[in-house]
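If you want the building blocks of each chain, they are given just below.
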Amino acid sequence: RDLDGKSRTKRIPKELFRIPTKVVDDLIKHYADLPDDSEAAVALVKNALQTKSDHKYRVTGRSGWYEAATIVYPTKTYGKLAGKLIFESSSDIDPALGMQDGTVPEWREGLREPCNHSDFLILTISAMAASALLDIIGEDEGAIFHLQGMNREKSQDSQERTKSSSGKTLAARAAASMMGRCKKNDLVTFAATPRSVEDYCFAHNHLGAVFDEEGRALGTGTGPRIKSDQLPYLVPSGRGGLRSKKATRDPDLANLTWALNAVSTGEHP
């Protein structure tokens, strides 16, 4: 139970079973209601480890197709490995992935009229849905669609919106709704390091990716953020940076691959 008295589930990697103190630290980090006394908390964990279920799962941080007969979504696995392979989301990368507000029928009904009036909404939503088809057609490389503001002059009597108010982020949020919660603050921006973009794409394999606000990237010069002209090559290519054998001994530095379509937004090409 957590500190609010609610029952929650936190999966613990098997390699931590040997170190109960680390299990305690992990549970406390996720607001588990454990005794303040460290020895009592460790004793509680040791008892739980002795009475754990015999049922074991394989876990993965990579969504999408496995062995041509299984597809892993953040909330459920379908196909041959259903009940055996489950998605362990990297919540530090994208907390909104797999989180749901509402139901699929409500989602479809709510978007029916807006999509009837906007080809852009149809494009961004369809791009995400098509990510799951890449493996089926044997394609390893996806595509990225960049939505930019319109710079042409408009007449005084025109009702057409331009630049920042042209609905780019709205279309991006519609795309993100295919994969999870899509509040404005849930969108990943260009203020990201190349490695974090790799982690993000790996977790969104065969789901799709959304990048908002191109203006937040350091397009030129040096800095920790990815450059605007790097993203169109990195994301559709489906391949992250190649690291040394020594570096990849750390699971968090593994070489990553993915296949997906992406949507990005900004004021300029």
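Structure's up top.
Scope of this entry: the structure provided in the associated data block. If you're wondering where the values come from, they're calculated on a predicted model, not measured in any experiment. Per chain, residue numbering runs from 1 following the sequence as it is written. Confidence filtering applies because this is a predicted model: local features only for residues at pLDDT of at least 70, side-chain atom pairs given and counted only at 80 or more, and all residues used for totals across whole chains, interfaces and linings. Side-chain measures here rest on the full set of heavy atoms in the structure, leaving out hydrogens and waters.

Glancing now at the sheet that holds strand S4 (residues 77-79). Sheet architecture is open: three strands sit in the order S2-S3-S4, paired in antiparallel fashion. Of all strands in the sheet, those with a lone pairing partner are strand S2 (64-66) and S4, marking the two edges. Averaged over neighbouring strand pairs, the angle between their axes works out to 25° when direction is ignored. When DSSP finds two or more bridges between two strands, those strands count as paired. The helix and strand labels rest on DSSP assignments: H or I over at least four residues marks a helix, E over at least two residues marks a strand, and numbering proceeds from the N terminus. Pairing of S2 with strand S3 (residues 70-72), which is carried by three bridges, proceeds in the antiparallel orientation. Opposite Trp-65, over in S3, you have Ile-71 as the bridge partner. Helix axes are fitted to C-alpha atoms over the stretch in contact, other axes to C-alpha atoms as well, and angles between N-to-C directions run from 0 to 180 degrees.

Note on exposure labels: buried denotes an accessible area under 20% of the residue type's maximum, exposed denotes more than 50%, and partly exposed covers the range between, all computed with a 1.4 Å probe on protein chains only. Buried residues of helix H1 (residues 20-29): Pro-20, Val-23, Val-24, Asp-26 and Leu-27, and no others. One side of H1 carries all its buried residues, which in axial view fall inside an arc of 165°. Set apart from the buried face of H1 by more than 90 degrees, the exposed residues are Asp-25 and Lys-29. The contact criterion used is simple: two residues touch if any of their non-hydrogen atoms lie within 4.5 Å. Residues of H1 that are buried make contact with helix H2 (38-50). With its phi angle positive at about 65°, Tyr-31 sits one or two positions after the end of H1. The directions from the helix axis to the C-beta atoms form the arc being described.

Every case where a carboxyl oxygen of Asp or Glu lies within 4 Å of a side-chain nitrogen of Lys or Arg is listed as a salt bridge. Taken as a whole, this structure holds seven salt bridges when the rule is applied. Of the charged contacts, one joins Arg-8 and Asp-2 as a salt bridge, the two residues approaching to 4.0 Å between their closest N and O atoms. Two residues, Asp-199 and Arg-195, come together in a salt bridge whose shortest N-O distance is 3.2 Å. Residue Asp-199 and its partner Arg-195 are both found in helix H6 (residues 194-203); the two are separated by four residues, about one turn of the helix. Relative accessible area serves as the criterion here: at 23%, Asp-199 is assigned to the partly exposed category. One connected set of salt bridges, linked through shared partners, spans Arg-195, Glu-198, Asp-199 and Arg-243.

Packing of helix H4 (residues 119-130) against helix H5 (residues 168-176) leaves a shortest axis separation of 8 Å and a crossing angle of 35°. The hand of the H4/H5 crossing is right-handed. Between H4 and H5, the residues in contact are Phe-120, Leu-121, Thr-124, Ile-125 and Met-128 and Leu-170, Ala-171, Ala-174 and Ala-175, respectively. Considering only residue class, the contact of H4 with H5 consists of eight nonpolar, one polar and no charged. Here a crossing is taken to be left-handed if its near helix is turned anticlockwise relative to the far helix by less than a right angle, and right-handed if that turn runs clockwise. Note that Gly is not counted as nonpolar here; it falls among the polar residues with everything else outside the nonpolar set of Ala, Val, Leu, Ile, Met, Phe, Trp, Tyr, Cys and Pro and the charged set of Asp, Glu, Lys and Arg.

Side-chain rings of Phe, Tyr and Trp (the six-membered ring for Trp) are treated as a pair once their centres are within 6.5 Å; stacked means planes under 30 degrees apart, edge-to-face means over 60, and tilted covers the remaining angles. Evaluated as defined, the whole model comprises three aromatic pairs. On the numbers, 6.2 Å between centres and 80° between planes, the contact of Tyr-73 with Tyr-78 is edge-to-face. Owing to a relative accessible area of 30%, Tyr-73 belongs among the partly exposed residues under this scheme. Judged by relative accessible area, which is 43%, Tyr-78 ranks as partly exposed. Cluster of aromatic residues (ring-pair linked, three or more members): Phe-190, Tyr-200 and Phe-211.

Judged by nonpolar contacts, the single largest core of 40 residues is most densely connected at Val-197, Cys-201, Val-210, Phe-211 and Val-235. Within the residue set of this core, elements represented by two or more residues are strand S5 (85-87), helix H3 (104-117), H4, H5, H6, strand S8 (209-212), helix H7 (231-237) and strand S9 (262-266). A per-element tally of this core places H5 first, with five residues. Aside from chain neighbours lying at most four places away, what touches Val-235 is Val-197, Cys-201, Phe-211, Trp-258, Leu-260 and Ala-262. Among the nonpolar cores identified, the runner-up in size contains nine residues, and Leu-16, Leu-27, Leu-34 and Val-45 belong to it. Take the buried residues of types Ala, Val, Leu, Ile, Met, Phe, Trp, Tyr and Cys, join any two whose side-chain atoms come within 4.5 Å, and each joined set is a nonpolar core.

We now examine the sheet that holds S8. Across the sheet, which stays open at both edges, the four strands sit in the order S6-S9-S8-S7 with parallel pairing between neighbours. Each of the sheet's edge strands pairs with one partner strand only, and the pair in question is strand S6 (144-148) and strand S7 (188-189). Judged from the two bridges that link them, S7 and S8 form a sheet pairing that is parallel. The partner of Thr-189 across the bridge, within S8, is Asp-212. On the sheet, H6 packs against S7 and S8 and is oriented at approximately 145° with respect to S8.

Below, the discussion takes up the environment of Leu-253. Inspection of the secondary structure puts Leu-253 in the loop between H7 and S9. According to the relative accessible area criterion, Leu-253 is partly exposed, its value standing at 32%. Once the C-alpha coordinates of Leu-253 and Asp-199 are considered, the two residues, 54 residues apart in sequence, prove to be 9.6 Å apart. Those residues within four positions of Leu-253 in sequence are excluded, and the remaining contacts are Arg-195, Arg-243, Ala-247 and Thr-248.

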